[in-house]
Structures are given as C-alpha cells and as structure tokens.
Amino acid sequence: MISNTCRYAIRALIYLAINEPAQKKIGIKQISSDLFIPQPFLSKILQQLAKHKILYSGRGPTGGFELAKPANSICLMDIIRIIDGNDFFETCLIGLGHCSDNEECVHCPIHDEFAPIRIQLRTMFENKTIGQLAEEIIESQGAKRI
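Summary of the structure given here. Note that this is a predicted model, so its numbers are computed, not measured.

1. Quick word on the pattern of salt bridges
Okay, so step 1: Across all of its chains, the model carries 5 salt bridges by this definition.
Okay, so step 2: With a shortest N-O distance of 3.9 Å, Asp78 and Arg81 are connected by a salt bridge. Remark: Arg81 and Asp78 occur in helix α4 (residues 76–83); sequence separation between them is 3 residues, near one turn of the helix.
Okay, so step 3: By relative accessible area, which is 35% here, Arg81 ends up partly exposed.

2. Observations regarding the environment of Phe36
Okay, so step 1: Along the chain, the position of Phe36 falls in the loop between α2 (28–35) and α3 (39–51).
Okay, so step 2: As for Phe36 and Glu135, which are separated by 99 residues in sequence, their C-alpha atoms are 21 Å apart.

3. Quick look at the packing of α4 against helix α6 (residues 111–127)
Okay, so step 1: Where α4 meets α6, the axes come as close as 5 Å, and the angle between the chain directions of the two elements is 110°. Judged by the inter-axis angle, α4 sits roughly perpendicular to α6. Residue-level contacts link Leu76, Met77, Ile80 and Arg81 of α4 to Arg122, Phe125 and Glu126 of α6.
Okay, so step 2: Residues of the contact of α4 with α6, tallied by class, amount to 4 nonpolar, no polar and 3 charged.

4. Topic: the packing of aromatic side chains
Okay, so step 1: Using the criterion set out here, one finds 4 aromatic pairs in the structure.
Okay, so step 2: Look at Tyr8 and Phe41: their rings are 5.6 Å apart centre to centre, the planes differ by 80°, and that puts the pair in the edge-to-face class. One end of the pair, Tyr8, is in helix α1 (residues 4–18); the other, Phe41, is in helix α3, and 33 residues separate them in sequence.
Okay, so step 3: On the basis of an interplanar angle of 85° and a centroid distance of 5.8 Å, the ring pair of Phe88 and Phe114 is categorised as edge-to-face. Here Phe88 is found in helix α5 (residues 87–90), whereas its partner Phe114 is found in helix α6, with 26 residues between them in sequence.
Okay, so step 4: Here Phe88 falls in the partly exposed class, since its relative accessible area comes to 21%.
Okay, so step 5: Grouped by ring-pair contacts, the aromatic residues Phe88, Phe89, Phe114 and Phe125 constitute a single cluster.

5. A closer look at the packing of α3 against α4
For any two helices packed against each other, the geometry is given by the interaxial angle and the distance between the axes.
Okay, so step 1: Taken N-terminus to C-terminus, the directions of α3 and α4 make an angle of 110°; their axes are 10 Å apart at the nearest point. By the angle between their directions, the pair α3 and α4 is classed as roughly perpendicular. Judged by residue contacts, Ile45, Gln48 and Leu49 of α3 engage Ile79, Ile82 and Ile83 from α4.
Okay, so step 2: Across the contact of α3 with α4, the residue classes tally to 5 nonpolar, 1 polar and no charged.

How each quantity is defined
Residues numbered from 1 in each chain as written. Predicted model: local features only at pLDDT ≥ 70, side-chain atom pairs only at ≥ 80, totals over all residues. Heavy atoms only, no water. Salt bridge = Lys/Arg side-chain N within 4 Å of Asp/Glu carboxyl O. Helix = DSSP H or I, 4+ residues; strand = E, 2+ residues; numbered from the N terminus. Buried < 20%, exposed > 50% of the residue type's maximum accessible area, 1.4 Å probe, protein only. Axes fitted to C-alpha atoms, helices over the stretch in contact; angles between N-to-C directions. Parallel < 35°, antiparallel > 145°, perpendicular 65-115°, else oblique. Contact = heavy atoms within 4.5 Å. Nonpolar A, V, L, I, M, F, W, Y, C, P; charged D, E, K, R; others polar. Phe/Tyr/Trp six-rings, centres within 6.5 Å; stacked < 30°, edge-to-face > 60°.

This is how it looks when you write it as structure tokens:
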C-alpha cells in the first residue's frame, strides 16, 4: 500500500518529533543508526522532505535535521503525497484504465468492495499526524516503538 521509502520517511519524522524537545538538529548518522535505516537511502528521503518544507536541513558541525513545522500539523497523507504520490487513492487497484466511482462507468471486479476501504484509509491518513503518533509512542512507555 505504501512504499518502504514512505515508511522510512514516516518513522524518521516520528523520531524527530519525539526528540524535538532537545531543540537541536539531529544528524543523519544518529537517525540512521537509531532507526536501522541505511544512511544513504535515509539521506535522500530526508532531503526530499526538506525540499517540500517538512524539514529544515543544515550542513556542517551544527547541521542535521529538524521539523520545519509543528508535528501536529504534519499528517501522514502529506508524507504519502510527497514520497509515493496519490496513485493508490486515485487509480484502479488492479490496473484497469477506467475504474471510477461514477456509476455510469464500468468498474473492475473489486471496485465496489475496495472503494469504501480506500476512503477509510485516506481519511485516516489525512487525520493522523506525526505529533499524535509521537505522543502515543511516548505515552506507551516502550509498548509502542518506531
């Protein structure tokens, strides 16, 4: 449903939100090591998020990454749009060229069952924020992790 790249992006943002109270940029080596994500791959992901103004990025001895806006204003759908795009929410699940909610159109055989699920997923991704996930992890005292 969402790519590994997108999963890594979400995990990294949650990590930054959890560590935000320290009010300092966190280096790529630290994030990569703590989350067990290959550093070159993570670096590309985080640069992409910085390009879209989700993160601040700095170089040099005081460089690293930090959230560019409050964690509670970054919803999961923001990340999915940046990393994976909207295809999952806008195209036919089995790849037919024409498959829409328009009743006059011919649908794929799974459309009627999948359409409500797609709407639920989109709603959840639009309503769940990085801040909420970070807070759940902190409050769980180790029962939930990233």
